[in-house]
Amino acid sequence: MYITQQLFLSFLAAAAFGIIFNAPKSSLFQSGFVGMLGWGVYIVLTLTGIDTVNATLVASFVIAVASQVFAKLYKTPIIIFIVAGIIPLVPGGMAYDAMRNFVENDYNSALALAAKAFLISGAIAMGIVFSEVINQLIRKTPFLNKG
């Protein structure tokens, strides 16, 4: 039940951010699906004991790959799917808690939370970049592009 709720809410969040970012109405379902897929990977990995930074790296890679597939399939810019799909992974609550702890003069907790939020943000960027690098390598490999 817990995972089902998480998947449903992540779908809604990603689709809602697609609306906020003025994504085409025809791509809202796919954007929500990409966000749900990425969050599902993240939840499953964290429940199995994987660190949140590593789980975020893998989930953002999955989001970027799914976005590339949907962009090709629906002839839509990839950014529409990546931006909406990555929203559930963004550590906004953690960054807020870090800032709140700074204001409350709890510097040890604030630095720990800020460092974790920074690492998660970097993992998101690295997952997207890794996906694009692998995609470019596949495109430039001659024996894979016959046809």
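What you see is a predicted model; the values in this text were computed from it and never measured.

## Topic: the packing of aromatic side chains
Item 1. The final tally for this structure, using the stated rule, is 7 aromatic pairs.
Item 2. Geometrically, the ring pair formed by Phe70 and Phe81 is tilted, given 5.8 Å between the ring centres and 55° between the ring planes. With Phe70 in helix α3 (residues 52-74) and Phe81 in helix α4 (residues 78-86), the pair connects residues that are 11 residues apart, well separated along the chain. Accessibility assignment for this pair places Phe70 and Phe81 in one class, buried.
Item 3. By way of ring pairs, the aromatic residues Phe33, Phe70, Tyr74 and Phe81 are connected into one cluster.

## A word on the environment of Ile78
Item 1. Tracing the chain through its elements places Ile78 in helix α4.
Item 2. If we ignore the near neighbours within four places in the chain, the residues touching Ile78 are Ala64, Ser67, Gln68 and Ala71.

## Considerations on α4
Item 1. Of all the positions in α4, only Ile80, Phe81, Ile82, Ala84, Gly85 and Ile86 are classed as buried.
Item 2. Those residues of α4 that are buried lie in contact with α1 (2-20), α2 (28-47), α3 and α6 (107-140).

## Description of unusual backbone geometry
What is expected of a backbone is that most residues other than glycine have negative phi and most peptide bonds are trans.
Item 1. One non-glycine residue with positive phi stands out, namely Asn22, at about 60°.
Item 2. When you line up the elements, Asn22 lands in the loop between α1 and α2.
Item 3. Although it is not a glycine, Lys75 adopts a positive phi angle of roughly 50°.
Item 4. Of note, Lys75 is situated in the loop between α3 and α4.

Analysis parameters
- Residues numbered from 1 in each chain as written.
- Predicted model: local features only at pLDDT ≥ 70, side-chain atom pairs only at ≥ 80, totals over all residues.
- Heavy atoms only, no water.
- Phe/Tyr/Trp six-rings, centres within 6.5 Å; stacked < 30°, edge-to-face > 60°.
- Helix = DSSP H or I, 4+ residues; strand = E, 2+ residues; numbered from the N terminus.
- Buried < 20%, exposed > 50% of the residue type's maximum accessible area, 1.4 Å probe, protein only.
- Contact = heavy atoms within 4.5 Å.

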